[in-house]
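Coordinates in review
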Amino acid sequence: MNLLRTFLAVHRLGSFTAAARRLGLSQSTVTTQIRALEKRLGRELFERRAHGVAPLPHADELATQLSAPLDRLAAITGEEPGDTVAPVHLAGPAEFLSEVGLKALAPLVEQGVRLRVAVGLTEPLLEELRAGRHDLVVATRRPRGRTLHAELLEDEEFVLVAAPVWAERLKGQEGQERQEGQEGQELRAALEGLPLIAYADDLPIVRRYWRHVFDRRLHAEAAITFPDLRGVLTAVLAGVGWSVLPSYLCRSDLASGALRLLHRPEDPPINPSFLVQRPGSSINPHVTVVRERLLAAAKNW
């Protein structure tokens, strides 16, 4: 039973070190117990990596069989009393978590849920998730392989926007949204000569919009780059120029008229986001609470 408990902790946390901390054991004891279980089963369970471990297919199967009965046993024996539930470690893009994620999760604090939020780019965050540093990660791409479990969170739409002062300078704008066709081509040509605010010098979001909507390469350089989409939005609202932003970030400004939608393509660019965790149920019941809250809230974003 001790070997199985240790195995499940390692599988859920993705790290011998993290499992040792959770179980109150030394790392050498955890290593010894996993080796003993592997010897007893006659097969390896984990692939050792520079940062943590990755479960092999048989480990995923074993974890699926063990999760429910061991969790019920832990509840019966009081191994996870409600008043000592650990914080939920959530990570993802700073803009998304600040503008959308935390608003959805705020009511959970009254229920005793504690959050520890980290921000960053998807690839490093997924590696940290595998190593046991996070419980849940909001990712801008679906992770490859079977070491992580991903669920579609939302499809965010990218929109082409500017402040009214710029919108009114563009031919034919006059407060109405442009359609595809000749007007779209004229708009594209006009915008490439106006100040652009972007996330980075390589213009990842804007170039994607150009390729998807106009089927053209973008010939423009940023007047301002800001590595946080909230800063890009601030510059656009101030009338510096135009940009492409996720709709969730500027929905209220479009509704109020502080921003203008410059183009409405029939097939707008969509960027899916995913809620990712390690396979199997978490030892911490509040991880499930946070996960279910985010998935439910995403239906209305």
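Fair warning: this is a prediction, and the values are worked out from it, not measured in the lab. (Residues numbered from 1 in each chain as written. Predicted model: local features only at pLDDT ≥ 70, side-chain atom pairs only at ≥ 80, totals over all residues. Heavy atoms only, no water.)

Considerations on the overall build of the chain
Rules: Think of it this way: any DSSP run of H or I at least four residues long counts as a helix, any run of E at least two long counts as a strand, and we number them from the N terminus. The method behind every accessible area is Shrake-Rupley, applied with a 1.4 Å probe, and residues are considered shielded solely by the protein chains displayed. Neither His nor the chain ends is counted toward charge; the positive residues are Lys and Arg and the negative residues Asp and Glu. The atom standing in for a charge is NZ when the residue is Lys, CZ when it is Arg, CG when it is Asp and CD when it is Glu.
Of regular secondary structure, the chain possesses 12 helices and 11 strands. The C-alpha extent of the chain, read off along each of the three principal axes, is 75 × 40 × 30 Å. For the chain, the computed accessible surface area is about 15200 Å², with 50% contributed by carbon and sulfur atoms. Mean positive and mean negative side-chain charge positions of the chain (37 and 37 charges, respectively) differ by 7 Å.

A short note on a nonpolar patch on the surface
So the rule is basically this: Think of a patch as exposed residues, more than 30% relative accessible area, with no salt bridge, where like charges cluster within 9 Å and nonpolar side chains (Val, Leu, Ile, Met, Phe, Trp, Tyr) cluster within 5 Å. Take a side-chain nitrogen of Lys or Arg and a carboxyl oxygen of Asp or Glu: if they are within 4 Å of each other, that pair is a salt bridge.
Judged by side-chain polarity, L102, V117 and V119 come together as a nonpolar surface patch covering roughly 230 Å² of accessible area. Position of L102 relative to the elements: it lies in helix α5 (residues 94–105).

Some thoughts on helix α1 (residues 2–13)
Our working rule: Every helix has an expected span of 1.5 Å times one less than the residues it contains. Accessibility here uses a 1.4 Å probe with only protein chains present; expressed as a share of the type maximum, an area under 20% marks a residue as buried, one over 50% as exposed, and anything in between as partly exposed. Contacts: residue pairs with any heavy atoms within 4.5 Å of one another.
In this model, α1 (12 residues) spans 17 Å end to end at C-alpha, consistent with the 16 Å of a helix rising 1.5 Å per residue. Looking at α1, one finds that the buried residues are T6, F7, L8, A9, V10, H11, R12 and L13. Buried positions along α1 lie against α2 (16–23), α3 (27–41), β1 (46–48), β2 (53–55), α4 (57–77) and α6 (122–130). Within two residues after α1, G14 carries a phi angle of roughly 70°, on the positive side.

Quick notes on the nonpolar core
Filter applied, for reference: Side-chain atoms within 4.5 Å link the members of a nonpolar core, which is a set of buried Ala, Val, Leu, Ile, Met, Phe, Trp, Tyr and Cys residues.
Ranked by internal contacts, the top residues of the largest apolar core, which has 53 residues, are L160, W210, W242 and L262. When residues no more than four places from it in sequence are discounted, the contact partners of L160 are L187, L191, Y209, W210, W242, S243, V244, R260, L261, L262 and H263. L13, A20, L37 and V53 belong to the second largest nonpolar core, which has 20 residues in total.

Notes on the environment of P93
In this structure, P93 sits in the loop between β3 (88–92) and α5. Overall, the relative accessible area of 16% leaves P93 in the buried class. Along the backbone, P93 and A118 are 25 residues apart, and their C-alpha atoms lie at a distance of 8.6 Å. Sequence-distant contacts of P93, that is, excluding residues within four places in its chain, are made with G120, V138 and T140.

A short note on the confidence of the model for the chain
Our working definition: Along the chain, pLDDT gives the predictor's confidence residue by residue, from 0 to 100.
Mean pLDDT over the chain: 88, with 92% of residues reaching 70 or higher. Scored below 50 in pLDDT, residues 173–182 shows 22 contacts in the model against residues more than four places distant or in partner chains.

Some thoughts on the packing of aromatic side chains
For the record, the criterion: Here is the rule: rings of Phe, Tyr and Trp (six-membered ring for Trp) pair when centre to centre is within 6.5 Å. Planes less than 30 degrees apart are stacked, more than 60 are edge-to-face, and the remainder are tilted.
Overall, the coordinates contain seven aromatic pairs when judged by the stated rule. Consider the rings of F96 and Y248, whose centres lie 5.5 Å apart with planes at 85°: the pair is edge-to-face. One end of the pair, F96, is in helix α5; the other, Y248, is in helix α11 (residues 247–256), with 152 residues separating them in the sequence. Look at F96 and you get buried, because its relative accessible area is 3%.

What about the pattern of salt bridges?
Under the defined criterion, the tally for this structure stands at eight salt bridges. Its salt-bridge partner being R141, residue E123 comes within 2.3 Å of it at the nearest N-O pair. Of the two residues, E123 is situated in helix α6 and R141 in the loop between β5 (136–139) and β6 (149–162); the sequence distance between them amounts to 18 residues.

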